Amino acid sequence: MISIKVILIGDSGVGKTCLIQQYTSKEFTEEHITTIAAGDKSFKEVKVGEKTLKLEIWDTVGQEKFKSVNKIYMNQAKIALIVYDMTDQNSFNNLKNWYQELKDKNDSVEIIGVIANKSDLYEDKVIDKEEGENYAKSINALFFETSAMDYESVAAVFEGLAKKYVEKKDKEDRKREEDEQKKIKLEPSKHKEEKEKDQNYEKGASIRRSNIF
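Here's what I pulled together on the structure shown here. Remember, it's a predicted structure, so these values are computed and weren't measured experimentally.

In this section: the overall build of the protein. Each helix and strand in the protein was counted, giving 6 helices and 6 strands. Counting from the amino terminus, helix and strand elements in the protein follow one another as β-α-β-β-α-β-α-α-β-α-β-α. Sorting the 213 residues of the protein into buried and exposed places 39% on the buried side. Taking contacts inside the protein between residues at least 6 apart in sequence as the whole, the part at least 24 apart equals 73%. Summed over its atoms, the accessible surface of the protein is roughly 13000 Å², and 47% of this surface lies on carbon and sulfur atoms.

Turning to the sheet that holds strand β2 (residues 41-48), a few remarks are in order. Strand order in this open sheet of 6 strands is β2-β3-β1-β4-β5-β6, and the pairing throughout is mixed. Pairing within the sheet leaves two strands with one partner each, and these edge strands are β2 and β6 (142-145). Each strand axis lies, on average, 25° off the axis of its neighbour in the sheet, ignoring direction. As judged from the 7 bridges shared by strand β1 (residues 2-9) and strand β3 (residues 51-59), these two strands associate in the parallel manner. Considered in β3, the bridge of Ile4 is made with Leu55. Here helix α1 (residues 16-25) sits on the sheet and contacts β1, β2, β3, β4 (79-85) and β5 (111-117); the angle it forms with β3, its principal contact strand, is near 150°. The strands touched by helix α5 (residues 129-138) are β4, β5 and β6; relative to β6, the strand with the most contacts, the crossing angle is about 155°.

Judged by nonpolar contacts, the single largest core of 29 residues is most densely connected at Tyr23, Leu55, Leu81 and Phe158. Ranked by the residues each element gives to this core, the list is headed by helix α6 (residues 151-212), at 9 residues. Apart from residues no more than four positions distant in its own chain, Phe158 is found in contact with Val6, Leu8, Leu19, Tyr23, Leu55, Ile57 and Leu81. Within the second largest apolar cluster, 24 residues are counted, among which are Ile9, Met86, Ala116 and Tyr135.

What follows deals with the side chain of Asn117. Tracing the chain through its elements places Asn117 in strand β5. The class for Asn117 is buried, based on a relative accessible area of 2%. Residues within four places of Asn117 in sequence aside, it is in contact with Val14, Gly15, Leu19, Val83, Tyr84, Asp85, Met86, Thr146, Ser147 and Ala148.

Two side chains bearing opposite charge may form a pair once their charged atoms approach each other closely. The full count for this structure, using the stated rule, is 9 salt bridges. Lys51 serves as the salt-bridge partner of Asp170, at 3.1 Å between the closest nitrogen and oxygen. Taken together, the residues Asp170 in helix α6 and Lys51 in strand β3 connect sequence positions 119 residues apart. What makes Asp170 partly exposed here is its relative accessible area of 23%. Given the relative accessible area of 31%, Lys51 is considered partly exposed. A salt bridge links Lys168 to Glu172; the nearest nitrogen and oxygen atoms lie 2.6 Å apart. Placement of both Lys168 and Glu172 in helix α6 is noted, with a separation of 4 residues, approximately one turn of the helix.

Taken together, Asp120, Asp150, Glu152 and Glu159 make up a surface patch of like negative charges. For Asp120, the location among the structural elements is in the loop between β5 and α5. Judged by relative accessible area, Asp120 falls into the partly exposed class, the value being 41%.

Our next topic: α1. Every α-helix winds through 3.6 residues per turn, so residues three or four apart in the chain are directed the same way. Among the residues making up α1, those that are buried are Lys16, Cys18, Leu19, Ile20, Gln22 and Tyr23. Lys26, located one to two residues past α1, shows a positive phi value of around 55°.

With the rule as written, the count across this model stands at 5 aromatic pairs. Here the aromatic rings of Tyr23 and Phe158 are separated by 4.5 Å at their centres, their planes lie at 5°, and the arrangement is stacked. Here Tyr23, found in helix α1, pairs with Phe158, found in helix α6; they are 135 residues apart in sequence, far enough to count as distant. With relative accessibility at 3%, the residue Phe158 sits in the buried group. Between Tyr84 and Phe92 the ring centres are 5.0 Å apart and the planes differ by 70°, which places this aromatic pair in the edge-to-face class.

About the cut-offs
Residues numbered from 1 in each chain as written. Predicted model: local features only at pLDDT ≥ 70, side-chain atom pairs only at ≥ 80, totals over all residues. Heavy atoms only, no water. Helix = DSSP H or I, 4+ residues; strand = E, 2+ residues; numbered from the N terminus. Buried < 20%, exposed > 50% of the residue type's maximum accessible area, 1.4 Å probe, protein only. Contact = heavy atoms within 4.5 Å. Areas by Shrake-Rupley, 256 points an atom, 1.4 Å probe, with all protein chains shown as cover. Pairing = 2+ DSSP bridges. Axes fitted to C-alpha atoms, helices over the stretch in contact; angles between N-to-C directions. Core = buried A, V, L, I, M, F, W, Y, C linked by side-chain atoms within 4.5 Å. Salt bridge = Lys/Arg side-chain N within 4 Å of Asp/Glu carboxyl O. Patch = residues over 30% accessible without salt bridge, like charges linked within 9 Å, V, L, I, M, F, W, Y side chains within 5 Å. Lys, Arg positive; Asp, Glu negative; His and termini not counted. Charge placed at Lys NZ, Arg CZ, Asp CG, Glu CD. Phe/Tyr/Trp six-rings, centres within 6.5 Å; stacked < 30°, edge-to-face > 60°.

In short, the description is geometric, and any link to function would need to be established separately.
What follows is the structure in structure tokens.
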């Protein structure tokens, strides 16, 4: 089983905790409860092809004043979800700040998702889907629209990012194997060149000795 650390970041109130609760427990509460301590974590196993992944999902504090705490919990995360509320312009505007926080405080993240949450309030949205997609593309991230009330849409986020992670690692493994095979094939040729070089040197040395005597 492969264990992967996943973090959710974004402004307070965008629904990070609700997304985690829905995915891990299929529960949803409409009452907003501010996360007051960074680093609450939950676990969920997901199957990707023949691989079983154990997602270690970390919730983080959204308020600006707690950002300095989040470095501890961003550390060693492989997958990051940057969440905004599609009915809140400020939460979308702050995506660039959260992305910068991520880049400054984490050098291990490999897969990023930009999550437009609260699609159940679609009529109240102030950020178009195209805006979210364009921002995600600008930072080489995947884009998802979701609602913490809908398990299927939430599962699609976590499992889609997990699948992308596995695909990336598989590609890296194949590349490493190909490089090793190339190296193995080159070794006999390299050995032959070195042997011929040694033989030519000995032959030249023998001729020089003959000329001397």
